[in-house]
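Analysis of the macromolecular model
If you want the building blocks of each chain, they are given just below.
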Amino acid sequence: MPTIHPNSTTLRVIHPNSTTLPVTDYPTTSPYTNSTVNPFAVAAVDFINNLLNKIPLPRWAIYAIFVAGGLLILLCCLCICIKCCCKGKKKKKQQKENINLKGADGKTTTALVQPDVADVDYGSAKRQRGKLLYSLDYNAAQSELTVGIKQANNLKAMDLGGTSDPYVKVHIRPDKSKTFETKVFKSTLNPTFNEQFTFQISKSSLMKSTAVMKVFDFNRFSKHEIIGEIRVQLCNVDWNHVIEEWQDLAEPAKFEEENLGEICFSLRYVPTAAKLTVVILEAKNLKSMDIGGASDPYVKVQLALDKRKWRKKKTSVKKKTLNPYYNESFTFDVSFEQIQRVNLVISVWDHDALTRNDAMGKIFLGCDAAGNQLRHWADMLSNPRRPVAQWHSLLTAEQVNATLVLKRKIPLQNKLPFLGGPPT
């Protein structure tokens, strides 16, 4: 007769005549109906098992791939966290530096700021242009100044190969009647020139002059680049003995102050008639441009409205003279509203029949001008209907163009009268 084991949840069938027969267990309940198991979890496990069974790889290989992928994702997350932390620290450091900089004002002396030694070395190396050994000797009996260019050392490399092709130009300011050049030395930063140049100059002019020595890098197919220069005020030199010394090359002056001569002209503005009259009177001590020591100068008068070229006229050409007399008048239609936005450009040119005309000097007046030019313009505006004449020293075209930057294109309304602009 079958009996039920008291401590079992399954039904065991035991034959009464034998105790050695195998026992067969019959579960009384199904695991799928157990109330303690989540049916969604069971379904998910079955889905994963079915999916893994479809992969043609052993289970250990699949598990290894999953572990490697998890480690890779963890490593990426760790890198991102480290990067974010470093960025946050850098941002805090910058904020701290900005806060410290806000405490400094314009009254702080530079002596309170001590740069690091490495910074000092870097800055000095960046500004290094080299040195030049020169000599000065003056013979008062013959009124001769001898400038010797001996040698240069540690010049700044201007070529891609780390070298330069240096030579030296020498002249005396403000006369600058002669400019001498040394020979060119190829591919070196330590040339030895050993050349001397003689200038005829009186003792009185010597005390008001400056010796200028400029070191250039020679380029055959492009503009020669300047390496550096030395300027010696000759009034500070002890002429009792020959001067010979090394001196560091300095940064070249942006504009060379040349004696280009002077020009005299008068201005008159009549507001009621909206007329601006410019009378070119004369010029003197102009720069010699021709081989014979003279020039063929003429004057160009140009108006610029709102920094744009507007109208221009020119005088006649005076042949073979450095002190021309013109007395030529030009009248422009300029309204009172436009006179506040107009600049007057006066330039002197040397006329050449076969080649391009050369600029000899330039100057501009207007509300954008400064110094004597602005004063002359202001006197004209404060004295309407009365001509105001004044002499002006000419400047280089480069200097004027750098100060008064004119736009190239002319507005359409200024070219076409029917669009409302004034006629050209």
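That block above? That's the structure.
Residues numbered from 1 in each chain as written. Predicted model: local features only at pLDDT ≥ 70, side-chain atom pairs only at ≥ 80, totals over all residues. Heavy atoms only, no water.

**Some words on the environment of Lys-287**
Selection rule: By the criteria applied, helices consist of DSSP H or I runs no shorter than four residues and strands consist of E runs no shorter than two, each listed in order from the N terminus.
As for its placement among the helices and strands, Lys-287 is situated in the loop between strand 12 (275-284) and strand 13 (297-305). Separated by 25 residues in sequence, Lys-287 and Glu-262 have C-alpha atoms that sit 9.9 Å apart.

**Here we look at the pattern of salt bridges**
The criterion, for reference: The salt bridge criterion pairs a side-chain nitrogen of Lys or Arg with a carboxyl oxygen of Asp or Glu, the two atoms within 4 Å. Accessibility here uses a 1.4 Å probe with only protein chains present; expressed as a share of the type maximum, an area under 20% marks a residue as buried, one over 50% as exposed, and anything in between as partly exposed.
Per the stated rule, a full pass over the model turns up 8 salt bridges. Residue Glu-229 is joined to Lys-214 by a salt bridge in which the shortest nitrogen-to-oxygen separation is 3.9 Å. Taken as a pair, Glu-229 in strand 9 (residues 225-233) and Lys-214 in strand 8 (residues 210-217) lie far apart in primary sequence, 15 residues in all. Across the salt bridge formed by Lys-284 and Glu-262, the nearest N and O atoms sit 3.7 Å from each other. With Lys-284 in strand 12 and Glu-262 in strand 11 (residues 262-270), the pair connects residues that are 22 residues apart, well separated along the chain. On the basis of relative accessible area, Glu-262 is assigned to the partly exposed category, the value being 25%. Through salt bridges with shared partners, one network takes in Lys-214, Glu-229 and Arg-231.

**Topic: the sheet that holds strand 11**
What counts here: Paired strands, as defined in this entry, are two strands with at least two bridges between them according to DSSP. Note on method: axes are straight lines fitted to C-alpha atoms, helices fitted across the in-contact stretch only, with angles between N-to-C directions ranging 0 to 180 degrees.
Ordered in space as 15-12-11-18, the 4 strands form an open sheet in which the pairing is antiparallel. The open sheet terminates on both sides in strands that have one partner only, identified here as strand 15 (325-333) and strand 18 (388-393). Direction aside, neighbouring strands of the sheet carry axes that sit 20° apart on average. By the bridge criterion, 7 bridges tie strand 12 to strand 15 in an arrangement that is antiparallel.

**Section: the pairing of strand 13**
Counting buried residues along strand 13, 9 of its 9 residues qualify, which places the element largely inside the surrounding structure. With burial as the criterion, each face of strand 13 is covered, one bearing Pro-297, Val-299, Val-301, Leu-303 and Leu-305 and the other bearing Tyr-298, Lys-300, Gln-302 and Ala-304. One ladder, built from 9 bridges, connects strand 13 with strand 16 (residues 342-350); its direction is antiparallel. Of the residues in strand 16, the one forming a bridge with Val-301 is Ile-346. Here 6 bridges tie strand 13 to strand 14 (residues 308-314), and the two strands are oriented antiparallel to one another. What sits directly across from Leu-305, in strand 14, is Arg-308. Connecting strand 13 to the antiparallel partner strand 14 that follows it, the hairpin turn spans 2 residues, and Asp-306 within it adopts a positive phi of roughly 55°.

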